[in-house]
Amino acid sequence: MPKTQKKALTVDSITHPKSRKAIKLFKNHKKKESRQKTKMVTHVKNNLIGEKLLWFQERIPDDMTICSKAFVDELIQTYLARFDDELEQIRLKHSIGQRNKRQHASREDMIRHTQETERLEYNTCGLELPNLLDEAQLKVLKEWNGELRFLQNFKLVRLGKKQLQSESSDISMDYSTKIAEKSKETITESNQNSPVPSESSDDESMME
């Protein structure tokens, strides 16, 4: 006998709201809902990362093959202040006519929340970015065509204030080390060039 196919589980086929069929249908619905939510969150996150990468890509000179810490730090500071002009425009609109109600309140609140979050990240753990200090990753960023499916080619790292602004101290340490090494070389050369008393002269002085 041919096997009979199972009928799809539907709401109409459920006779009792607490039956096993009802529980199974509810679980299947929750799974689908959870998958859709995960896909949506991933899509939104990728969009935000893509917008961030495009912002940095557009501001890196074409002839630059590797970024210094100072350049990346300055670039991030500019990125953190990218909404300042918009906030100023909102402030001017509020000042006109002495309006009591806040226009664009939701937009203003969102911008301020974003700025606070990003500045906190930069000052602590760092912003999530491609490693702009790495030549290979910088090349990947410059050649990226903006498609989100190629985000997997980036190795995102955390670049923070403490890491990027330590360059000056590193330079001063390297400079001090070079000075110390140079001093040692000078002392060594002076010792080698200084006259060494011969044994014969010592013997002659003793005989006298």
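See the structure printed just above.
Residues numbered from 1 in each chain as written. Predicted model: local features only at pLDDT ≥ 70, side-chain atom pairs only at ≥ 80, totals over all residues. Heavy atoms only, no water.

Peer 1: Run through the overall build of the protein, naming residues and quoting values.
Peer 2: Check the secondary structure of the protein and you find eight helices and two strands. Shown N-terminal to C-terminal, the secondary structure of the protein runs as helices and strands in the order α-α-α-α-β-α-β-α-α-α. Restricting to contacts in the protein with at least 6 residues of sequence separation, those with at least 24 account for 70%. (Helix = DSSP H or I, 4+ residues; strand = E, 2+ residues; numbered from the N terminus. Contact = heavy atoms within 4.5 Å.)

Peer 1: Now, about a positive patch on the surface: what can you tell me, with residues and values included?
Peer 2: Taken together, the side chains of K27, K31, K32, R35 and K39 define a basic patch exposed on the protein surface. Note that R35 resides in helix 1 (residues 20–58). Judged by its relative accessible area of 55%, R35 is exposed. (Patch = residues over 30% accessible without salt bridge, like charges linked within 9 Å, V, L, I, M, F, W, Y side chains within 5 Å. Areas by Shrake-Rupley, 256 points an atom, 1.4 Å probe, with all protein chains shown as cover. Salt bridge = Lys/Arg side-chain N within 4 Å of Asp/Glu carboxyl O. Lys, Arg positive; Asp, Glu negative; His and termini not counted. Charge placed at Lys NZ, Arg CZ, Asp CG, Glu CD. Buried < 20%, exposed > 50% of the residue type's maximum accessible area, 1.4 Å probe, protein only.)

Peer 1: So what's going on with helix 4 (residues 105–123)? Which residues, and what values?
Peer 2: The end-to-end C-alpha distance of helix 4 is 27 Å, a good match for the 27 Å that 19 residues give at a rise of 1.5 Å each. For helix 4, the set of buried residues is E108, I111, Q115, E118 and Y122. In a view along the axis of helix 4, the buried residues occupy a sector of 105 degrees, so they form one face of it. Exposed residues pointing more than 90 degrees away from the buried face of helix 4 are listed as S106, H113, E116 and L120. Buried residues belonging to helix 4 abut helix 2 (69–80), helix 3 (84–95), strand 1 (127–130), strand 2 (156–159) and helix 6 (161–164). (Expected span 1.5 Å × (residues − 1). Arc of directions from axis to C-beta.)

Peer 1: Tell me about the packing of helix 3 against helix 4, residues and numbers included.
Peer 2: Two elements in contact, helix 3 and helix 4, have axes whose closest approach is 11 Å; the angle formed by their N-to-C orientations is 145 degrees. The element helix 3 and its partner helix 4 pack so that their crossing is left-handed. Residues D84, E86, L87, I90 and H94 of helix 3 lie in contact with helix 4, whose contacting residues are R107, E108, I111, R112 and Q115. Along the lines of polarity and charge, the residues of the contact of helix 3 with helix 4 split into three nonpolar, two polar and five charged. (Axes fitted to C-alpha atoms, helices over the stretch in contact; angles between N-to-C directions. Left-handed = near helix turned anticlockwise from the far one by under 90°. Nonpolar A, V, L, I, M, F, W, Y, C, P; charged D, E, K, R; others polar.)

Peer 1: How would you sum up a nonpolar patch on the surface? Please name residues and give values.
Peer 2: A grouping of M40, V44 and L48 is seen on the molecular surface, where their side chains present a nonpolar patch of about 290 Å² in accessible area. Of note, V44 is situated in helix 1. By relative accessible area, which is 40% here, V44 ends up partly exposed.

Peer 1: I'd like a rundown of the environment of N123, residues and numbers included.
Peer 2: Within the fold, N123 resides in helix 4. Taking the C-alpha atoms as reference points, N123 and K161, separated by 38 residues in sequence, lie 5.4 Å from one another.

Peer 1: How would you sum up the nonpolar core? Please name residues and give values.
Peer 2: Generally speaking, a soluble globular protein has its nonpolar side chains buried in company with each other. If you look at the biggest cluster of nonpolar residues, it comprises 23 residues, and the most contacted ones within it are L53, F56, I60, V72, I76, L127 and L132. Taken together, the elements giving at least two residues each to this core come down to helix 1, helix 2, strand 1 and helix 5 (135–143). Residue contributions to this core peak at five residues, all from helix 2. In contact with L132, other than residues within four places in its own chain, are F56, I60, C67, V72, L138, L141 and L159. (Core = buried A, V, L, I, M, F, W, Y, C linked by side-chain atoms within 4.5 Å.)

Peer 1: Give a description of the packing of helix 1 against helix 2 that names residues and reports values.
Peer 2: Their axes nearest at 11 Å, the elements helix 1 and helix 2 cross at an angle of 125 degrees. Here helix 1 lies oblique to helix 2, going by the angle between them. As helix 1 runs across helix 2, the sense of the crossing is right-handed. Every residue of helix 2 that contacts helix 1 at K52, W55 and F56 is listed here: L75, I76, T78 and Y79. Taken together, the residues of the contact of helix 1 with helix 2 sort by class into five nonpolar, one polar and one charged. (Parallel < 35°, antiparallel > 145°, perpendicular 65-115°, else oblique.)

Peer 1: Could you give me a rundown of the packing of aromatic side chains, with the residues and numbers involved?
Peer 2: Inspection of the entire model under this criterion finds four aromatic pairs. Residues W55 and F56 carry aromatic rings whose centres are separated by 5.0 Å and whose planes lie at 70 degrees to one another, so their mutual orientation is edge-to-face. For the pair W55 and F56, one class covers both residues: buried. Here W144 and F154 contribute two aromatic rings whose centre-to-centre distance is 5.6 Å and whose plane-to-plane angle is 90 degrees, an arrangement assigned as edge-to-face. Of this pair, W144 sits in the loop between helix 5 and strand 2 while F154 sits in the loop between helix 5 and strand 2; the two residues are ten residues apart in sequence, bridging distant segments of the chain. Like W144, the residue F154 is buried in the burial classification. An aromatic cluster is present here, built from W55, F56 and Y79 joined pairwise through their rings. (Phe/Tyr/Trp six-rings, centres within 6.5 Å; stacked < 30°, edge-to-face > 60°.)

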